[in-house]
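# Descriptive analysis of the structure
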Amino acid sequence: MKAVRELMGLTRNEFGELVGIDWVRLRNVEQLNAKMGEDEFAKIGQMFPELMPWLTYEGDIVMEDLKSSQEKLCRLIAAKIEAGQIPPGFYLEEKLK
């Protein structure tokens, strides 16, 4: 979740407001002190379906899906990935298709 948020250029509070998750809860998930619930996955999945395979089971991220997304934040992620602005330590490069 943290990689997605950072690629979007959002703070925890901004991302939390966007997807309807309290920033403290988001911090706990990012720091692996809590697991995401089904309702939280559903909220994120509705907004960013292109990212769900990666978020749920570390599946592939399909760049063409990100580029053609109706969600501008997904298109921003695609642009940042193409520009090589991937946050270190998340190993996204292995999942890009």
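Residues numbered from 1 in each chain as written. Predicted model: local features only at pLDDT ≥ 70, side-chain atom pairs only at ≥ 80, totals over all residues. Heavy atoms only, no water.

## Quick notes on the side chain of Arg5
Checked against the element boundaries, Arg5 lands in helix 1 (residues 2-8). Exposure remark for Arg5: the relative accessible area of 8% places this residue in the buried category. (Helix = DSSP H or I, 4+ residues; strand = E, 2+ residues; numbered from the N terminus. Buried < 20%, exposed > 50% of the residue type's maximum accessible area, 1.4 Å probe, protein only.)

## Side note on empty space enclosed by the protein
A complete count under the given rule lists one cavity of 30 Å³ or more for this structure. Looking at the largest cavity, its volume works out to about 30 Å³. (1 Å grid on protein atoms, 1.4 Å probe; cavity = no way out; pocket = protein on both sides within 12 Å on 5 of 7 lines; lining within 4 Å. Points joined across faces, edges and corners; volume = space filled by probe spheres on them.)

## Some points on helix 2 (residues 12-19)
Residues three or four positions apart in an α-helix share a direction because the helix packs 3.6 residues into each turn. Three or more residues of helix 2 are buried, namely Phe15, Gly16 and Val19. Each buried residue of helix 2 sits inside an arc of 100° when the element is viewed along its axis, so together they form one side. Of the surrounding elements, those touching the buried residues of helix 2 are helix 1, helix 3 (23-30) and helix 4 (38-47). Looking one or two residues beyond helix 2, the residue adopting positive phi is Gly20, at roughly 80°. (Arc of directions from axis to C-beta. Contact = heavy atoms within 4.5 Å.)

## Thoughts on the nonpolar core
Counting 28 residues, the largest nonpolar core has Met8, Phe15, Ile44, Phe48, Leu51 and Leu66 as the members making the most contacts within it. Elements supplying a minimum of two residues to this core: helix 1, helix 2, helix 3, helix 5 (52-57), helix 6 (63-67) and helix 7 (72-82). Tallying contributions element by element places helix 7 first for this core, with five residues. Every residue in contact with Ile44, bar those within four places of it in the chain, is listed here: Met1, Val19, Ile21, Met36, Met52 and Leu55. (Core = buried A, V, L, I, M, F, W, Y, C linked by side-chain atoms within 4.5 Å.)

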